[in-house]
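# Coordinate analysis (summary)
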Amino acid sequence: MTLVYFPPSKLLQQQQPSRSSRLAQQLAQSAWQLALRFGKRTTIHGLDRLLTAKASRWERIVWLCTFVSAFLGAVYVCLILSARYNAAHFQTVVDSTRFPVYRIPFPVITICNRNRLNWQRLAEAKSRFLANGSDAAQLELFELIVGTYDDAYFGHFQSFERLRNQPTELLNYVNFSLVVDFMTWRCHELLADCLWRHHAHDCCEIFSKRRSKNGLCWAFNSLETEEGRRMQLLDPMWPWRTGSAGPMSALSVRVLIQPEKHWPGHRETSAMKGIDVMVTEPFVWHNNPFFVPANTETTLEIEPVIYFYDNDTRGVRSDQRQCVFDDEHNSKDFKSLQGYVYMIENCQSECHQEYLVRYCNCTMDLLFPPGQYRSCRAQDLLCLAEHNDLLIYSHNPGEKEFVRNHFQGMSCKCFRNCYSLNYISDVRPAFLPPDVYANNSYVDLDVHFRFETIMVYRTSLVFGWVDLMVSFGGIAGLFLGCSLISGMELAYFLCIEVPAFGLDGLRRRWKARRQMDLGVTVPTPTLNFQQTTPSQLMENYIMQLKAEKAQQQKANFQNWHRIPFAQKHVIGK
């Protein structure tokens, strides 16, 4: 179908408005035509009635008010839902009450003698580590420094106060970490009669020496040492697990105290003898130990509990969910010992080591894994004693409003790991009668699970992104009666049809202007429509009727001018 356009006469052209107003009218007409075209095809309720060609002015006003009110209501409810989503509220539910214990590794059991050193190797240590073994002053100073290491651990550095006014710089060349490693208790001197699930094992094969914040100790089921990692290569079941619970169902070991080999300063005092037992999950550097007195038969019952955050919580910041995943290396709350995965215990240990470096510009390499910091020498040990009051206390950020602290201490911002395996321990020592242990001093330690199943708790978002999308869809359907397809229709109209309509108009104007500049006779412009859809056919039909009516009126006007005056007068009568 072709519609012919007749240019106006010169008189009408002179009466036309200015160019700017003409352009505004053309834009308004084009926009209205586009709106009518979209209103006939949209599935958004209300717009089809608002933009229909047959609607009256009052009908349009009513539907416009209705649509605006519904749209504002949808926006208001969506803002409420967005605030609820951004608040990131969590809920913790019981994920399992019958999770078997054989699905988790048996904890790492670390045993330390309260008296760290075997004093019978002192003479051999002097000959091995002192450059001038005949200097009495250096021999006495060496023995004094070694004695301060005997009961030193993190936050318990007051023993180094005995080095005040001593020329410790004379022994800066001595690596006392190697001296302590040489004099510490060896496996066969500390451990005996090892049983794992009623099966006897050589203690030196299943225990390995490792560092901790309590000094050098011996650990079972550990992956922190070279021996533990080699054990994992040789035994795919390492670290070992057990599916049973109750006394003698897991690890049993006798720990030898040997008080006659302790530092003379402790032998002469009434210091309590015993061991420190630390229970941790794998890849944890340190946890607060339990003290077990000597000459006891001690039962250590363990009840594991698992807490974990599901993957939907990864979209929330770590400071909002108050935990850190072990692979969130880019999080500002991620802090751990060098080479270790994120655990709250590892984060706290790294924080404590940073305080140690801040105060004394060195670290105790016996208490931490090898890292980037300088090891303390003999002359630095007094600094540890001077700042012991600052290192013994640790505060949590945010507790100032609730807890009265009398000391400055350390403040470490460490969140829990999002997958946390906690071992709740119950230590019950029973003292042995003297006629049982006689002249020997030892601890019979039995470590086992309390139950064969454990509790698992899962934390998830109360209102996640899936809930947000579902709520948005429901609100759009309730207030506007539209869906995602309706949104795609609007996006297609704004991004495809509107630019195409504008570019087509600009192309036609540019082509017409170019032909006028070249002096080419401009042919009668025509509008060609591709009749593909019913709505387009209706639009073309209406435009065709208007063009035919205009042609008929023009023909009648021309015929009127050709009629003689007399005929006009008769017709008029």
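Note that the structure is a prediction, hence the values are computed from the model and not measured.

With that out of the way, let us pick up the side chain of Ser336. Tracing the chain through its elements places Ser336 in the loop between β12 (323-324) and α13 (344-360). For Ser336, the side chain forms a polar contact with the main-chain oxygen of Tyr340, separated by 3.2 Å. Of note is the side chain of Ser336, whose polar atom sits 2.9 Å from the backbone oxygen of Val341. Apart from residues no more than four positions distant in its own chain, Ser336 is found in contact with Val341, Tyr342, Asn346, Cys347 and Glu350.

Throughout the structure, instances matching the rule amount to eight disulfides. There is a disulfide in this structure between Cys351 and Cys412, and the S-S distance comes to 2.0 Å. Its torsion about the S-S bond being -85°, the disulfide of Cys351 and Cys412 is classed as left-handed. Here Cys412 lies in the loop between β14 (410-411) and β15 (416-417) and Cys351 lies in helix α13, a separation of 61 residues in the sequence. Exposure class is identical for Cys351 and Cys412. Each is buried.

A grouping of Leu64, Val68, Phe71, Leu72, Val75 and Leu79 is seen on the molecular surface, where their side chains present a nonpolar patch of about 530 Å² in accessible area. Its place among the elements puts Val75 in helix α4 (residues 57-87).

According to UniProt, the "transmembrane region" (unreviewed entry) feature falls on residues 61-81 and 460-481. For the annotated span residues 61-81, helix accounts for 100% and strand for 0% of the residues, and the straight-line distance between the end C-alpha atoms is 30 Å. Strand forms 9% of residues 460-481 and helix 68%; the C-alpha atoms that close the span are 32 Å apart.

In this structure, the amide linkage connecting Trp238 to the following residue, Pro239, adopts the cis form with an omega of -5°. Examined against the element boundaries, Pro239 turns out to sit in the loop between α10 (226-234) and β8 (251-256). Positive phi values are uncommon outside glycine, yet Asp193 reaches one of about 55°. Of note, Asp193 is situated in strand β4 (residues 191-196). The class of Asp193 is exposed, set by a relative accessible area of 54%.

Conventions we followed
- Residues numbered from 1 in each chain as written.
- Predicted model: local features only at pLDDT ≥ 70, side-chain atom pairs only at ≥ 80, totals over all residues.
- Heavy atoms only, no water.
- Helix = DSSP H or I, 4+ residues; strand = E, 2+ residues; numbered from the N terminus.
- Polar contact = N/O pair within 3.5 Å; in protein donor to acceptor, adjacent residues only side chain to side chain.
- Contact = heavy atoms within 4.5 Å.
- Disulfide = S-S within 2.5 Å.
- Buried < 20%, exposed > 50% of the residue type's maximum accessible area, 1.4 Å probe, protein only.
- Patch = residues over 30% accessible without salt bridge, like charges linked within 9 Å, V, L, I, M, F, W, Y side chains within 5 Å.
- Areas by Shrake-Rupley, 256 points an atom, 1.4 Å probe, with all protein chains shown as cover.
- Salt bridge = Lys/Arg side-chain N within 4 Å of Asp/Glu carboxyl O.
- UniProt positions renumbered as here; feature names shortened; annotations may be inferred.

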